[in-house]
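Working through the structure, step by step
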Amino acid sequence: MPARTYGSAMTSSDAATATQAEINEEIAVIRKAQAHDGVTGWSVTPLDFPPYRSSILRHPNQPLHIVDPEEVELLGPVFGPSDVDPLEADLTIQHTAPPIGERIVITGRVLDGDGRPVSGQLLEIWQANAAGRYLHLRDQHSAPIDPNFSGVGRCRTGTDGTYRFTTIKPGPYPWRNHHNAWRPAHIHFSVFGRAFTQRLVTQMYFPGDPLLAYDPIYQSVVDEGARHRLVATYDHDVTSHEQHTGYRWDIVLTGLRRTWTEPA
Amino acid sequence: MSEHPPTAGQTVGPFFGFALPFAGSAQLVPPNHPSAIQLVGGVFDGDDQPVPDALLEIWQTDKNGASIQEGGSLHRDGHTFTGWGRAATDNEGRYRFTTVRPPGFIAMAVFARGLGHRLLTRVYLPTAVVDALLTTLPEPRRATLMAAEPTPGHLVFNVHLQGPRETVFLRFPNEPA
């Protein structure tokens, strides 16, 4: 990543003063500069992305220091069957009654960068309820809490890297990045690989969401293909008769190879 | 480009507190363990303000330097050392782990609202030998990776996301640029 800064004039954070049009313009200017600098083609999420206001004071200014991993970093934590109950993968059965909302299944595989399945590893998800409200003290959005939905799930991947969650489709919600800012519906995913260096936290989005075009967090990903790979695919074969609709979403971690080659 | 480009990271956001930390997640060993040490510190932004919505994870060998591949972190039994822990920062941006002292360093991952992708770093024990990474760092940068030990068994390591005391964050050869 070049040492260049893409928004040096911007210093305030969380002021919620910019309009959506101003945010869109900032993103367009950065895209143009990135294309000019040749920062394209990889699924890199820049840490320095001023349209996402909270990043302004929280991204390192120094380039990441390239280092060979030591043995401990080539391994990662192990999670066994005792860590996760299979029922934790169903977010609709955690309370006395079913939650409000559109019941969905999300399934897919976790692979590493060499295409190998990541088996027996921990996946954690968390999300807002159908009204767009998190069960979190700091979430003061006026949408209702659902007493039958916590929005937290866990599972371990199968031998072929497969995971499967049953939940409800989260709602979009407002935030204070800029005036009239709304996050597209999304589910947070926390993923472990075999190595500590593969650790990933990301967000899964839903196809056709009109808010994706306005969201600086989604739009911060440089490469268009990489952005699209954050969006799940509707899959009618996952949809189940009178039960739920279905989405498919695969997650790819980095490879384990030690030598890095310049991407073409 | 790889046939399997990695999934892009996205921020952990502000609302992970009800989901990711769990009972005992920051206690790799019980506080009364004979070899227990405290690893404490704060996370700070570019204005040197505390970051109250950061999440830290640590991963380490045991006190003899042996790699660990033991499950059980999510339901600790009080005896099995899994080498992994997780702590959210509090309202003052501070965190606390209870663990044992490994010979070299403790690997650390940093997540926060505002961070588009996790950051990785190393917490070197004051007694650690100067290794390949420390050798390549000029002194003011190297110091950002060294934990202080003001009293025995009480390690202090602050994470500065930005600014003159910015922590050295790492990229490994398996990661895209």
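Rules used in this analysis
- Residues numbered from 1 in each chain as written.
- Chains lettered and ligands numbered in written order.
- Predicted model: local features only at pLDDT ≥ 70, side-chain atom pairs only at ≥ 80, totals over all residues.
- Helix = DSSP H or I, 4+ residues; strand = E, 2+ residues; numbered from the N terminus.
- Buried ≥ 20, exposed ≤ 12 C-beta atoms within 10 Å, placed from the backbone.
- Contact = placed C-beta atoms within 7 Å.
- Rg over C-alpha atoms; globule rule 2.2 N^0.38 Å.
- Nonpolar A, V, L, I, M, F, W, Y, C, P; charged D, E, K, R; others polar.
- Pairing = 2+ DSSP bridges.
- pLDDT = per-residue confidence, 0-100.
- Axes fitted to C-alpha atoms, helices over the stretch in contact; angles between N-to-C directions.

**Thoughts on the overall build of chain A**
Looking only at helices and strands, chain A features three helices and 12 strands. Across the 264 residues in chain A, those meeting the buried criterion constitute 45%. The long-range fraction of contacts in chain A, counting pairs at least 24 apart against all pairs at least 6 apart in sequence, stands at 74%.

**Focus: the overall build of chain B**
Counting secondary structure elements, chain B contains two helices and 10 strands. Starting at the N terminus and walking to the C terminus, you meet the elements of chain B as β-β-β-β-β-β-α-α-β-β-β-β. What you see for chain B is a C-alpha radius of gyration of 16 Å, in line with the 16 Å of a compact globule of 177 residues. The C-alpha extent of chain B, read off along each of the three principal axes, is 45 × 40 × 40 Å. Relative to its full complement of 177 residues, chain B shows a buried share of 49%.

**A word on the interface of chain A and chain B**
Residue-level contacts link 75 residues of chain A with 64 residues of chain B. Elements supplying a minimum of two residues to the side of chain A that touches chain B: strand E1 (65-66), strand E3 (122-127), strand E8 (186-191), strand E9 (200-205) and strand E12 (251-252) of chain A. No other element matches the four residues that E9(A) contributes to the side of chain A that touches chain B. In the side of chain A that touches chain B, the residues fall into 38 nonpolar, 24 polar and 13 charged. As paired elements, E1(A) and strand E10 (residues 170-171) of chain B share two bridges and run parallel to each other. Among the inter-strand pairings, A:His65 is bridged to a residue of E10(B), identified as B:Leu170.

**What about the environment of A:Val152?**
Here A:Val152 lies in strand E4 (residues 152-156). For A:Val152, a count of 20 C-beta atoms within 10 Å puts it in the buried group. As a C-alpha pair, A:Val152 and A:Asp90 span 62 residues in sequence and 9.2 Å in three-dimensional space. Those residues in contact with A:Val152, other than ones at most four positions away along the chain, are A:Trp126, B:Phe18 and B:Ala19.

**A short note on the confidence of the model for chain A**
Residue and element names in this part refer to chain A. Chain-level statistics for chain A give a pLDDT mean of 90 and a share of 90% at 70 or above. Counting contacts from residues 7-12, a segment whose pLDDT is below 50, to residues more than four positions away or on other chains yields five contacts. Every residue in residues 259-264 is under pLDDT 50, and counting partners more than four places away or in other chains gives eight contacts.

**Quick word on unusual backbone geometry**
All names here are of chain A. The backbone of asparagine 180 shows a phi angle near 60°, a positive value even though the residue is not glycine. As for its position among the elements, asparagine 180 is in the loop between strand E6 (173-175) and strand E7 (181-183). Of the residues examined, asparagine 180 has 11 C-beta atoms within 10 Å and is grouped as exposed. The residue glutamate 242 is not glycine, and still its phi comes out positive at about 60°. As for its position among the elements, glutamate 242 is in the loop between strand E10 (233-234) and strand E11 (245-248).

**Focus on the sheet that holds E9(A)**
Residue and element names in this part refer to chain A. Judged by pairing direction, the sheet is antiparallel, and its four strands sit side by side in the order E4-E3-E8-E9 without closing on themselves. Two strands bound the open sheet, and with one partner strand each, they are E4 and E9. On average, adjacent strands in this sheet sit at an angle of 20° to one another, irrespective of strand direction.

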